[in-house]
Amino acid sequence: MDKSIVVFFSHAGDNYAVGNIEVGNTKIVADYISELTGAEQFEIVTHKYDGMAYTPLINLAKEEAKNGELPEYEGDVDLSQYDTVFIGGPIWWGSYPQVMFSFFKKHANDLKGKTLIPFTTHEGSGLANCVEDVKDAFPGANVTEGFSIYGHEVRSSKAKVEKWLKNFE
Ligand SMILES: Cc1cc2nc3c(=O)[nH]c(=O)nc-3n(C[C@H](O)[C@H](O)[C@H](O)COP(=O)(O)O)c2cc1C
């Protein structure tokens, strides 16, 4: 594979189906991808949700999505050196968390002609609207089919990720 990076957001802490987790579900998938392909990583980090219990987080995320809020994230990355960009996050109310859209907006013109590979972790919604949203966010990019996996499955499903990645060899 060409030079690649995994850009992802993942929320550790209290969550549906898995309880209070130290490492978020999407981060586990991102780590599998890096281990199996050598892709570098950029984690979209915000401290806005630190320590929140599941129910208040659900309510806050719903408001953010409804209002199209764009929370700030820490640091940034220069994507010009990468040919392939994996983009992953949990489904929050039908698409990626709003903080990922903050990243998308900032980098909207940086991925023209590059390959974008969307993935999600979820608890029933699959890819939801993520592939369409990535296509809308990055005009001119080559967006592949997406990959989705249940969050509660990721810890025992490295083989599924490995099988999916064979598509890109
Ligand atoms: C605020 C919030 C909203 C969520 N909304 C959905 C949803 O609409 N559909 C779904 O299938 N799962 C939903 N989930 C479950 C997460 O997508 C799932 O647990 C995911 O694996 C979490 O990944 P993470 O640990 O990397 O953050 C939601 C979880 C949270 C915390």
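Look up: the structure comes first, before these words.
In this text, all values refer to a predicted model and were calculated from it rather than measured experimentally.

Engineer: Give me the lowdown on the pairing of strand 5 (residues 84–90), citing residues and values where you can.
Structural biologist: Extensive coverage of strand 5 is indicated by the burial of six of its seven residues. Two strands pair when backbone bridges link them, and strand 1 (residues 4–8) and strand 5 are joined in this way by five bridges, in the parallel orientation. Within strand 5, the residue paired with V6 across the bridge is F86. By the bridge criterion, seven bridges tie strand 5 to strand 6 (residues 115–122) in an arrangement that is parallel. Within strand 6, the residue paired with G88 across the bridge is F119. Crossover connection from strand 5 via helix 3 (residues 98–106) to parallel strand 6: handedness right-handed.

Engineer: Explain the nonpolar core to me, and be specific about the residues and the numbers.
Structural biologist: In this structure, V7 and F86 are the most contacted members of the largest nonpolar core, which totals 37 residues. Elements with a contribution of two residues or more to this core: strand 1, helix 1 (25–37), strand 5, helix 3, strand 6, helix 4 (130–137) and strand 8 (147–150). Setting aside anything within four residues of it in sequence, one finds V7 in contact with F42, I44, V85, F86, I87 and F103.

Engineer: Report on unusual backbone geometry, specifying residues and quantitative values.
Structural biologist: Positive phi, close to 70 degrees, is recorded for A17, a residue that is not glycine. For A17, the position within the fold is in the loop between strand 2 (13–15) and strand 3 (19–21). Unlike most non-glycine residues, A128 shows phi in positive territory, near 45 degrees. By the element assignment, A128 lies in the loop between strand 6 and helix 4. For A128, a count of 19 C-beta atoms within 10 Å gives the class partly exposed.

Engineer: Would you mind going over the site of the ligand in detail, with residue names and values included?
Structural biologist: Taken together, 22 residues surround the ligand, and among them G24, T26, P90, S125 and G151 come closest. Elements with a minimum of two residues in the shell around the ligand: helix 1, helix 2 (54–67) and strand 6. Across the shell around the ligand, the residue classes tally to eight nonpolar, twelve polar and two charged.

Cut-offs and rules
Residues numbered from 1 in each chain as written. Predicted model: local features only at pLDDT ≥ 70, side-chain atom pairs only at ≥ 80, totals over all residues. Buried ≥ 20, exposed ≤ 12 C-beta atoms within 10 Å, placed from the backbone. Helix = DSSP H or I, 4+ residues; strand = E, 2+ residues; numbered from the N terminus. Pairing = 2+ DSSP bridges. Right-handed = clockwise from strand over helix to strand, strands pointing away. Core = buried A, V, L, I, M, F, W, Y, C linked by C-beta atoms within 7 Å. Contact = placed C-beta atoms within 7 Å. Near = placed C-beta within 6 Å. Nonpolar A, V, L, I, M, F, W, Y, C, P; charged D, E, K, R; others polar.

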